[in-house]
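Okay, here's what each chain looks like letter by letter:
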Amino acid sequence: MKGSAAICCSPGGEGSFVITRLDATINWFRKNSLWPMPMGLACCAIELMASGASRYDIARFGAEVMRFSPRQSDVMIVAGTLTYKMAPVVKQLYEQMTEPKWVIAMGACASSGGMYRSYAVLQGVDQLLPVDIYVAGCPPRPDALLDALIKLQARVSREPALATLKRVT
Amino acid sequence: MTPRDFANRLMARFASLVAEPVQFRNEVTLRVTESERLPDVCDYARDSLGFDFLLDIASIDNFGEVPRWTVVYELYGLRHHCHLRLKTHLAAAEPELPTLTHIWSTANWHEREIYDMMGIRFRGHPDLRRILMWEGYPHFPLRKDFPLAGLCTELPDVAFTRKAPLEGGPFVTTPGATSTIEREPRARTSET
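Keep in mind that this is a model prediction, so the values were computed, not measured. (Residues numbered from 1 in each chain as written. Chains lettered and ligands numbered in written order. Predicted model: local features only at pLDDT ≥ 70, side-chain atom pairs only at ≥ 80, totals over all residues.)

Here we take up the overall build of chain A. Tallying secondary structure elements over chain A gives five helices and six strands in all. Walking chain A from its N terminus toward its C terminus, one meets helices and strands in the order β-β-α-β-α-β-α-β-α-β-α. Each principal axis of the C-alpha distribution contributes one length, and for chain A these read about 65 × 45 × 25 Å. Counting the 169 residues in chain A, one finds 36% classified as buried. (Helix = DSSP H or I, 4+ residues; strand = E, 2+ residues; numbered from the N terminus. Buried ≥ 20, exposed ≤ 12 C-beta atoms within 10 Å, placed from the backbone.)

See below:
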């Protein structure tokens, strides 16, 4: 069940059949429509917007649908400084997201508190949420965010989707 | 009219309340000796002297000195373009001042910020809640006895804070030391 050859096409081509694993198909759907929950908290959000605009065009990777409702999003991009005052809100938004869900910590502040060694700033969102990808930079360029997204896609495509599905009882 | 003229008029009106003005680079600072009478002084400054704009209110923690607290009011007149500074000192462990919101409504948020950061309460304020930290936070972070790294607090369902690691963090200057290494250590644990 392992390997990169996830999809086999019939030699006849169009109008015939495709054989694949369900895991690979589900992951293929998931990784090409990672809808972000843009948790824009500081200047990283500006770079996040740049990633969505035409020059960098996050739509090339299927992640252009910025959902401002956590119930419709798959990946929370924490872009910016997370203060303790904001932390319960972010936690609640994360909990409202439906499974499967992922978290990208974008930039120094979201990854480690950054330059804000302060009583007011949470020293990294990993103290609050399970982070999948950390992006370095202050703020990271859109290229770096897109790289993180591609790495997350690679990660999603390796997940055992069927085994982690919730069973209806 | 110069700021000095306004200061003289204020001193003539409140001879027992307003102390000798200090002039520095054309800025005049007056000390209000009785902080409880501050609204009377400010009322007069606005209505009779034309200081219709309260630029800012600042607070100082003179930790280890008596009196411990200083509150600074920056007054400005948009018609005569003169600036006047009023200072008042507070000594109490739980300092309190009368509010100025009924004179300048912009004092509302300034006073909330000072309450939030320094813990000086304003009597008669219509809405004295915290403005930067969240409601229920137990400390006043700009007080000098509050450590730079912060304090641990745990408030279920509201918020929490932990100490920030200061290694590799900002420079914390200690004035008076001879060498730069002593004067600007990379981290310092507590002010107390």
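Another point: the overall build of chain B. Summing up its helical and strand segments, chain B has four helices and nine strands in all. Burial status across chain B gives 27% buried among its 192 residues. Put simply, 46% of the contacts in chain B that link residues at least 6 apart link residues at least 24 apart. (Contact = placed C-beta atoms within 7 Å.)

Residues and elements named next belong to chain A. Contact geometry for helix H2 (residues 44-52) and helix H5 (residues 142-157): axes closest at 9 Å, N-to-C directions at 75°. The angle between H2 and H5 falls in the class roughly perpendicular. Touching Glu-47, Leu-48, Ala-50 and Ser-51 of H2 are Pro-142, Leu-145 and Leu-146, all from H5. (Axes fitted to C-alpha atoms, helices over the stretch in contact; angles between N-to-C directions. Parallel < 35°, antiparallel > 145°, perpendicular 65-115°, else oblique.)

Hydrogen bonding along the main chain pairs the strands of a sheet, whether they run parallel or antiparallel. Residue and element names in this part refer to chain B. Ordered in space as S1-S2-S5-S4-S3, the five strands form an open sheet in which the pairing is mixed. Across the chains shown, the open sheet's two edge strands, defined by having one partner strand only, are strand S1 (22-24) and strand S3 (53-61). Sheet twist, expressed as the average angle between the axes of neighbouring strands with direction ignored, equals 20°. Where strand S4 (residues 69-76) lies against strand S5 (residues 83-90), eight bridges are found, and the strand directions are antiparallel. Considered in S5, the bridge of Val-72 is made with Lys-87. (Pairing = 2+ DSSP bridges.)

Turning our eyes to something else, we now look at the nonpolar core. Judged by nonpolar contacts, the single largest core of 39 residues is most densely connected at A:Ile77, A:Val78, A:Ala79, A:Leu82, A:Ile104, A:Met106 and A:Leu152. Secondary-structure elements contributing two or more residues to this core are strand S3 (36-40), H2, strand S4 (75-79), helix H3 (87-96), strand S5 (102-106), helix H4 (107-112), strand S6 (133-135) and H5 of chain A. (Core = buried A, V, L, I, M, F, W, Y, C linked by C-beta atoms within 7 Å.)

Taken together, the contact between chain B and chain A spans 13 residues of the former and nine residues of the latter. Looking at side-chain class alone, the side of chain B that touches chain A contains 10 nonpolar, three polar and no charged residues. (Nonpolar A, V, L, I, M, F, W, Y, C, P; charged D, E, K, R; others polar.)

Once that is clear, we can look at the environment of B:Val66. Looking at where B:Val66 falls in the secondary structure, it is placed in the loop between S3 and S4. For the pair formed by B:Val66 and B:Ala92, sequence separation is 26 residues and the distance between their alpha carbons is 9.6 Å.

Here we come to the environment of B:Asp127. Relative to the helices and strands, B:Asp127 resides in the loop between strand S7 (121-123) and strand S8 (153-155). Between the C-alpha atoms of B:Asp127 and B:Asn108, which are 19 residues apart in sequence, the distance is 7.8 Å.

Okay, the packing of helix H1 (residues 22-31) of chain A against H5(A) next. All names here are of chain A. At a closest axis distance of 8 Å, the pairing of H1 and H5 adopts a crossing angle of 160°. When the axes of H1 and H5 are compared, the pair comes out roughly antiparallel. Crossing hand, H1 versus H5: right-handed. Two secondary-structure elements touch here, H1 through Asn-27, Arg-30 and Lys-31 and H5 through Gln-153, Val-156 and Ser-157. The residue inventory of the contact of H1 with H5, partitioned by class, reads one nonpolar, three polar and two charged. (Left-handed = near helix turned anticlockwise from the far one by under 90°.)

Take the confidence of the model for chain B next. Averaged over every residue, the pLDDT of chain B is 84; residues scoring 70 or more account for 86%. Predicted as a complex, the structure gets a pTM of 0.79 and an ipTM equal to 0.72. (pLDDT = per-residue confidence, 0-100.)

This part takes up the sheet that holds S6(A). Residue and element names in this part refer to chain A. The strand order S3-S4-S5-S6 describes an open sheet built from four strands, whose pairing is parallel. Strands at the two margins of the open sheet, each flanked by one partner only, are S3 and S6. Looking at each pair of strands side by side, their axes are set apart by 15° on average, direction ignored. Bridge analysis of S4 against S5 gives five bridges, and the strand direction is parallel. Bridged to Val-75 within S5 is Trp-102.

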